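Residue-level structural notes
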Amino acid sequence: MALDADSREVPHTLDEPAPRTLGVLDQGAFWANLGVSLLGFSGAMAVLAPSGAPRLSFVAALAACVVGTVLGSVMVGIAAVPGARTGAPSMMLLRGLFGTRLSYLPTLLNILQLVGWGTFELLVIAQGAEALFGGGPRWLYLVVAGALTTGLTLRPLGALRLLRRYVTVAVAIAMVYFFVQLVRHPLPDLGTGSWQGFWPGADAALAVAVSWLPVASDYSRHSRSVRGAFTAATVGYSITQVFCYVLGLIALAMVGGDADRAFDPFLAVPLGVVFFGVLVLREVDQSFADTYSTAVSMQNLRPKTDRRVLSLCVGVLTTLLSLTLDITQFANFLQLIGSVFVPLFGVLAVDYFLHAGRRGSWDLSERAPSRWGMLLAWIAGFVVYQLINPGGIAWWSNLWTGLGAAIGFTPQSWMSASLLSFLAAAAVAGVINALAPRRAVD
Ligand SMILES: Nc1ncnc2[nH]cnc12
């Protein structure tokens, strides 16, 4: 009986109920793995030296990592709750928030960003493999990573169990080993530098955590308990992302802040190649999550389509894209699409926990009526985000800076785009829900 429950898989279409087989450890292991990323080692630079602010001291950067990561992880934990309660995946839940037709807009954006992330991750794995083997046939690394990723998506709950049983322990050992090895080298003066860029630094760490918001319920829908889903995402992800950034900060200090050489200190320690190999291999959990969640998101548009067919198509697509594009150039574009989901989940949190969701009037059927008020709240939060942090695409950024100047708004260094857009969207959703006649909103 236990074996039977343990081997159950996600049904092939969205019409069938989700099995509730994941315990807090299964989910904790999954989120802990997502918190570790090869991108995190060089990404620590965005916390240490946020653009437009003086470089942070080591202690300030560490504090920014902890604060940003914990805040972001709590938001991801909150986003995991509706999935655990209803058994519905993230994009299908948006039918309750916006109505079915309007939910197609964020669904399409999510598909776009996840295909982008999935492609990006395959390139990161290939880059890691090149560092590991001192070069080699990049196309082969990409094809192997793509095939491994796609294979895992065919049995997603099996993949999560694999992570819990084997991968998490190996990753934990590798991380502790690297920490012990790296701190044996002389560290920089911990207090030299500024605290002025603390909030932009914390925002950089927060942005990485909240980039997982739109997939949280794709996994928590299989949770045995709501509390388990929240705890696993919040605690599991926080611990490892902070640990990953700490290693990144130390490694960056050792290479004079050159993010392009962030992997070098790991490979230079005794047995570094072996343990770095573990980290490269485990990066596949990220491409797995991106590919599988793309397929599940597509099912919000085509509920009766077999998720395995969709996963296979997405796996082939991301592999082909990684072989033909230099997607690292699209990092700013990915950040821009990702930013739309932060205010969206502010609206979702308020509506689900305080208004329509609380009353049990969220309609997840294919005929759920449009809720324009919630769309308006989302747009308001999006505007707040862009006014504070319009990102790195020149024409887009100029547009928003010009708009800010026209209304007399100047972003301040203490302003967190993620946090304030989340709160603004939540506040507008709360006001609209409170003011509008119930039927007009629901
Ligand atoms: N692969 C990834 N890395 C970081 N954040 C993400 N959000 C969605 N996919 C991601």
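First, a word on what this report is: a plain description of the structure on this page. Since this is a predicted model, take the numbers as computed values, not measurements.

Reading the values: the criteria
Residues numbered from 1 in each chain as written. Predicted model: local features only at pLDDT ≥ 70, side-chain atom pairs only at ≥ 80, totals over all residues. Heavy atoms only, no water. Near = heavy atom within 4 Å. Polar contact = N/O pair within 3.5 Å; in protein donor to acceptor, adjacent residues only side chain to side chain. Areas by Shrake-Rupley, 256 points an atom, 1.4 Å probe, with all protein chains shown as cover. Salt bridge = Lys/Arg side-chain N within 4 Å of Asp/Glu carboxyl O. Helix = DSSP H or I, 4+ residues; strand = E, 2+ residues; numbered from the N terminus. Buried < 20%, exposed > 50% of the residue type's maximum accessible area, 1.4 Å probe, protein only. Patch = residues over 30% accessible without salt bridge, like charges linked within 9 Å, V, L, I, M, F, W, Y side chains within 5 Å. 1 Å grid on protein atoms, 1.4 Å probe; cavity = no way out; pocket = protein on both sides within 12 Å on 5 of 7 lines; lining within 4 Å. Points joined across faces, edges and corners; volume = space filled by probe spheres on them. Lys, Arg positive; Asp, Glu negative; His and termini not counted. Contact = heavy atoms within 4.5 Å. Core = buried A, V, L, I, M, F, W, Y, C linked by side-chain atoms within 4.5 Å. Nonpolar A, V, L, I, M, F, W, Y, C, P; charged D, E, K, R; others polar.

What follows deals with the site of the ligand. In the region of the ligand, the neighbouring residues are Leu114, Trp117, Glu121, Ser211, Trp212, Gln286 and Asp290. For the ligand, a nitrogen atom lies 2.6 Å from a polar atom in the side chain of Ser211. At 2.6 Å, a side-chain N or O of Asp290 approaches a nitrogen atom of the ligand. For the ligand, the accessible surface in isolation is 260 Å², of which the surrounding protein chains cover 97%.

Opposite charge on two side chains lets them pair, provided their charged atoms get close. As enumerated under the stated definition, the model contains eight salt bridges in all. Close ionic contact of Lys304 with Asp15 constitutes a salt bridge, the shortest N to O distance being 3.0 Å. Of the two residues, Lys304 sits in the loop between helix H14 (284–301) and helix H15 (307–324) while Asp15 sits in the loop between helix H1 (2–6) and helix H2 (24–35), which places them 289 residues apart along the sequence. With relative accessibility at 60%, the residue Lys304 sits in the exposed group. With a relative accessible area of 48%, Asp15 lands in the partly exposed category. The partner of Asp26 in a salt bridge is Arg164, and the shortest N-O contact between them spans 2.2 Å. Of this pair, Asp26 sits in helix H2 while Arg164 is found in helix H8 (residues 156–182), placing the two residues 138 residues apart along the sequence. Via salt bridges that share partners, Arg282, Glu283 and Asp285 belong to a single interconnected network.

There is a patch of nonpolar side chains on the surface, built from Val59, Val176, Phe179, Val180, Val183, Leu187, Leu190 and Trp195 and spanning about 640 Å² of accessible area. By residue number, the principal contributor to the nonpolar patch is H8, which donates three residues. Mapped onto the secondary structure, Leu190 falls in the loop between H8 and helix H9 (198–210).

This paragraph deals with the layout of surface pockets. Empty space within the second largest pocket amounts to approximately 250 Å³. Of all the secondary-structure elements, those providing two or more residues to the lining of the second largest pocket are helix H6 (100–133), helix H16 (331–339) and helix H18 (372–388). At four residues, the largest contribution of residues to the lining of the second largest pocket is made by H18.

What follows covers the side chain of Arg307. Locating Arg307 in the fold gives a position in helix H15. The side chain of Arg307 is buried and forms no salt bridge, while Glu9, the nearest opposite charge, is found at 4.1 Å. A polar atom in the side chain of Arg307 sits 2.8 Å from the backbone oxygen of Val10. If we ignore the near neighbours within four places in the chain, the residues touching Arg307 are Glu9, Val10, Pro11, His12, Thr153, Leu154, Pro156, Tyr292, Ala295 and Gln299.

What follows concerns the nonpolar core. Across soluble globular proteins, you tend to see nonpolar side chains buried next to one another. Phe30, Trp31, Leu97 and Phe98 are the most contacted members of the largest nonpolar core, which totals 70 residues. Tallying contributions element by element places helix H17 (residues 341–354) first for this core, with nine residues. Excluding residues within four positions of it along the chain, Trp31 makes contact with Val76, Trp212, Ala216, Ala232, Ala233, Gly236, Tyr237 and Thr240. Counting 53 residues, the second largest nonpolar core, distinct from the first, contains Ala202, Val246, Phe263 and Val269.

What follows is about empty space enclosed by the protein. Inspection of the entire model under this criterion finds one cavity of 30 Å³ or more. Estimates place the volume of the largest cavity at around 60 Å³. In terms of lining residues, the largest cavity is bounded by Asn332, Gln335, Leu336, Ser339, Tyr385, Gln386, Asn389, Pro390, Gly391, Gly392, Ile393 and Trp396. Elements with a contribution of two residues or more to the lining of the largest cavity: H16 and H18. Broken down by class, the residue content of the lining of the largest cavity amounts to five nonpolar, seven polar and no charged.

Looking at the secondary structure, you find Ser322 in helix H15. The sequence separation of Ser322 and Gly118 amounts to 204 residues, and the corresponding C-alpha distance is 8.9 Å. In this structure, Ser322 is in contact with Thr119, Leu122, Leu123 and Leu142, ignoring residues within four places of it in sequence.

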